[in-house]
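Reading the structure
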Amino acid sequence: MNRNASLWLWLWRAASFAVAASFIALWQLIANLKLVSPVFLPGPDRAWASLVRGFSNGDLGSKLAGTLEHMAYGWLAASIAGIAIGAIIGSSRIMRTYVAPSLEFLRPLPVSAIIPVAIAMLGLTQAMALFVIAFGAIWPIMLATIHGFVAVEPRLYEVARSLQMSRLAVIFKIALPSASPDILAGMRLSLTVALILSVVCEILAGLDGLGHWVLLSARAFRSADLFAGVILLGVTGYVTSVAMSMAEHRLLAWQAAQR
């Protein structure tokens, strides 16, 4: 059974690689035939050359570091606040009754509507970017935490009451471990949101990062640099998602051992 599963996994990976290779080959063919002007669509060879040149001779490495810094700080702030607020709301029926309507008012607000407010209050600063990223990234984590706490087996709470456990002990020893799969799933989704909002803030505020690199490349019609930045953003999103998935599997290994 394990051998068959491993075989299917390798076949799935080979098929994924074949699809990606076919897409790149088609892209190169279109560029070589100049079906689209090279000013707007460079080939993957030119994009790759620009990527290598940006890291070796340019400042692409510092731009990547800036985007990762914005994403990490905003995501960490959203994670801490989202888990704390979600735990408070999810563990209290009264909080869910009185606070949930306010959350449902704020949650559908698009982040694009919050950006002008953040700019008016904080200006085109790093603090504005942190606020916008945290505001957009907090919702998947908070809602996942609330759902995880609400979905805890009621009998566990009954056992906690019979043992006369304190409120904090119930949260940290029962509710939080039981809700950890939902919380980690929300954090993984929030990481992608944080990357997207980092790029948006860099474009709007001119902050140092890949978003600013892409904007300047587009304005100067440096299409190869533009595509190099977009490719690097895609790779960044993929690598961070895979890293988060690996961390999730490791942190939840205790659940698999109990089954």
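What you see is a predicted model; the values in this text were computed from it and never measured.

About the cut-offs
- Residues numbered from 1 in each chain as written.
- Predicted model: local features only at pLDDT ≥ 70, side-chain atom pairs only at ≥ 80, totals over all residues.
- Heavy atoms only, no water.
- Helix = DSSP H or I, 4+ residues; strand = E, 2+ residues; numbered from the N terminus.
- Buried < 20%, exposed > 50% of the residue type's maximum accessible area, 1.4 Å probe, protein only.
- Contact = heavy atoms within 4.5 Å.
- Areas by Shrake-Rupley, 256 points an atom, 1.4 Å probe, with all protein chains shown as cover.
- Lys, Arg positive; Asp, Glu negative; His and termini not counted.
- Charge placed at Lys NZ, Arg CZ, Asp CG, Glu CD.
- Phe/Tyr/Trp six-rings, centres within 6.5 Å; stacked < 30°, edge-to-face > 60°.
- Core = buried A, V, L, I, M, F, W, Y, C linked by side-chain atoms within 4.5 Å.
- Salt bridge = Lys/Arg side-chain N within 4 Å of Asp/Glu carboxyl O.
- Axes fitted to C-alpha atoms, helices over the stretch in contact; angles between N-to-C directions.
- Parallel < 35°, antiparallel > 145°, perpendicular 65-115°, else oblique.
- Left-handed = near helix turned anticlockwise from the far one by under 90°.
- Nonpolar A, V, L, I, M, F, W, Y, C, P; charged D, E, K, R; others polar.

This next bit is on the overall build of the protein chain. The helix and strand tally for the protein chain stands at 11 helices and 0 strands. Element order for the protein chain, N to C, with α for helix and β for strand: α-α-α-α-α-α-α-α-α-α-α. In terms of its C-alpha atoms, the protein chain occupies a principal-axis envelope of roughly 75 × 60 × 30 Å. By the burial criterion, 37% of the 259 residues in the protein chain qualify as buried. At a minimum sequence separation of 6, the contacts of the protein chain that also span at least 24 residues come to 72%. Counting every atom, the protein chain has about 15,400 Å² of accessible surface; 71% of that belongs to carbon and sulfur. Of note, the protein chain has its 18 positive side-chain charges centred 6 Å away from the centre of its 11 negative side-chain charges.

Let us look at the packing of aromatic side chains. Here the structure, examined in full by the defined rule, presents 3 aromatic pairs. Consider the rings of Trp27 and Phe227, whose centres lie 5.6 Å apart with planes at 35 degrees: the pair is tilted. With Trp27 in helix H1 (residues 2-33) and Phe227 in helix H10 (residues 223-251), this pair connects stretches of sequence that are 200 residues apart. Under the relative-accessibility criterion, Trp27 is labelled buried at 13%. Judged by relative accessible area, which is 21%, Phe227 ranks as partly exposed. With 6.4 Å between their ring centres and 25 degrees between their planes, Phe131 and Phe135 make a pair best called stacked. One end of the pair, Phe131, and the other, Phe135, are both in helix H6 (residues 126-150), 4 residues apart, so they sit about a helical turn from each other.

Once that is clear, we can look at the nonpolar core. In terms of nonpolar packing, the biggest core is built from 51 residues, with Trp75, Val132, Phe149 and Met187 touching the most fellow members. Sorting the residues of this core by element identifies helix H3 (60-90), helix H5 (111-122), H6, helix H8 (167-205), helix H9 (210-219) and H10 as the ones contributing at least two each. If you tally residues by element for this core, the top one is H8, at 15 residues. Apart from residues no more than four positions distant in its own chain, Phe149 is found in contact with Ala87, Gly90, Ser91, Tyr157, Ile171, Ala175, Leu176, Ala179 and Ile183.

Further remarks concern the pattern of salt bridges. If you walk through the whole model with that rule in mind, you get 4 salt bridges. Here Asp225 makes a salt bridge to Arg53, at a shortest N to O gap of 3.8 Å. With Asp225 in helix H10 and Arg53 in helix H2 (residues 44-56), this residue pair connects regions lying 172 residues apart in the sequence. The partner of Asp225 in a salt bridge is Arg222, and the shortest N-O contact between them spans 2.8 Å.

This paragraph deals with the packing of H8 against H10. A packed helix pair is summarised by two numbers, namely the angle formed by the two axes and the spacing between the axes. Where H8 contacts H10, the axes come no closer than 10 Å and their chain directions differ by 165 degrees. Comparing the axis directions of H8 and H10 gives the class roughly antiparallel. H10 is crossed by H8, and the crossing has right-handed handedness. Residues Pro181, Leu184, Ala185, Met187, Arg188, Leu191, Leu195 and Val199 of H8 touch H10, and the partners they reach there are Leu233, Thr236, Gly237, Thr240, Ser241, Met244, Ser245, Glu248 and Leu251. Taken together, the residues of the contact of H8 with H10 sort by class into 10 nonpolar, 5 polar and 2 charged.

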